[in-house]
Amino acid sequence: MKTVVKWVAMIVAGLGMISFLFLFQVYQDFKSTAEEVYTPIQDGVSEKRGEAVDVASKDPFSVLILGVDEREGDSGRSDTIIVLTVNPTLKTTKMLSIPRDTYTAIIGMDIKDKINHAYAFGGIEMSMKTVENFLDIPIDYVAQVNMESFIDIVDIVDGISVDNTFDFYYEGEHFPIGELELDGETALKYVRMRYEDPAGDFGRQNRQKQVIQGVLKEVISLNTAWNYQAIFQALEKNVQINIMFEELLDMRKNYASSLKNIEQLYLTNGSGTMMNGIYYYMPNEAELETIQGLLQEHLEL
């Protein structure tokens, strides 16, 4: 009996050591990836804030997510523009998708144009300032994602599931109504289709969210635990953020509950118009002011 207990203890100790070494390696790889994707923003603290947010002290903060579709011969435009405000006291996150054709002032260019052109004109920094001006809130953090290459992660996690709401064809691929299993190539086509969608750009935004949520669901599942290095490598190639490693750890510790409770906001009451043969989305001013107020309140400004 003593021999059995001794062997069991040795096995448990061995498994514990293996788990410790595995978690330590994951930590080191995560730190390396975080340092690789970190990109400081020159202008620092937003003019709409007196001082920088402190995630270690649980300050509410905002994040701008720019999904950039970079194709050959094109510098790229931010086809996906999502703003998150995160409040740890309320344990909630508000999520707003800004239509890429939204007509607004491009800060730094003294012109009005489509909001997604800010990235083509001045990269991440001009996009941040333009979105700040449009929503009248500070943008504390930004994440730029190369959407075409980022879809590689869909293949790493062996595909994702989405619930398609209407039947369509795009680039030779059929997407029937119902639950679909997508690999990387079909997922990219699924999010790119725009003009056949009766909801226009809003429908495209919803499909983008479906793919992002599908990827996140698979990434955090146990099925991908042993693929984490491939996922980290894909992130290193396709993501830039201005969040330091220590801040990421504080966010994970202090804001986990907030990120599980997401309320989606929409700009839907505007109207489309043609100017010089180009389509623009003109936001409804009353609706925009309401959303600005909601985000300001959520950030406790």
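See the structure shown above.
How each quantity is defined
- Residues numbered from 1 in each chain as written.
- Predicted model: local features only at pLDDT ≥ 70, side-chain atom pairs only at ≥ 80, totals over all residues.
- Heavy atoms only, no water.
- Helix = DSSP H or I, 4+ residues; strand = E, 2+ residues; numbered from the N terminus.
- Buried < 20%, exposed > 50% of the residue type's maximum accessible area, 1.4 Å probe, protein only.
- Contact = heavy atoms within 4.5 Å.
- Areas by Shrake-Rupley, 256 points an atom, 1.4 Å probe, with all protein chains shown as cover.
- Salt bridge = Lys/Arg side-chain N within 4 Å of Asp/Glu carboxyl O.
- Pairing = 2+ DSSP bridges.
- Phe/Tyr/Trp six-rings, centres within 6.5 Å; stacked < 30°, edge-to-face > 60°.
- Lys NZ or Arg CZ within 6 Å of the ring centre and 35° of its normal.

### What about the overall build of the protein chain?
Part 1: Looking only at helices and strands, one finds 10 helices and 14 strands in the protein chain.
Part 2: Counting only residues that meet the buried cut, the protein chain has 46% of its 301 residues in that class.
Part 3: Excluding contacts between residues fewer than 6 apart, the proportion of contacts in the protein chain whose partners are at least 24 apart in sequence is 64%.
Part 4: When the accessible surface of the protein chain is totalled, it reaches about 16300 Å², and 54% of it is carbon and sulfur.

### Quick notes on the pattern of salt bridges
Part 1: All told, the structure shown has seven salt bridges when counted by the stated rule.
Part 2: Among the ionic pairs, Glu263 bridges to Lys94, the shortest N-O distance being 2.5 Å. Taken as a pair, Glu263 in strand E12 (residues 262-266) and Lys94 in strand E3 (residues 92-97) lie far apart in primary sequence, 169 residues in all.

### Points about the pairing of E3
Part 1: The buried fraction of E3 amounts to five of the six residues, a majority that puts the element mostly inside the structure.
Part 2: Pairing of E3 with E12 involves five bridges; the strand directions are parallel. The partner of Met95 across the bridge, within E12, is Gln264.

### Overview of the packing of aromatic side chains
Part 1: This model, assessed by the stated rule, comprises seven aromatic pairs.
Part 2: Ring centres of Phe61 and Tyr141 lie 5.6 Å apart, and the angle between their planes is 85°; on these two criteria the pair is classed as edge-to-face. Within this pair, whereas Phe61 is found in strand E1 (residues 61-69), its partner Tyr141 is found in strand E6 (residues 141-146), the two being separated by 80 residues in sequence. Accessibility assignment for this pair places Phe61 and Tyr141 in one class, buried.
Part 3: When the ring of Phe168 is compared with that of Phe175, the centres are 4.8 Å apart and the planes differ by 20°; the resulting orientation is stacked. Here the two residues Phe168 and Phe175 agree in accessibility, since each one is buried.
Part 4: A cation over an aromatic ring shows up here: Arg207 above the ring of Phe168, its NZ or CZ 5.5 Å from the ring centre.
Part 5: Positioned above the aromatic ring of Tyr190, the side-chain terminus of Arg207 is 5.9 Å from the ring centre.

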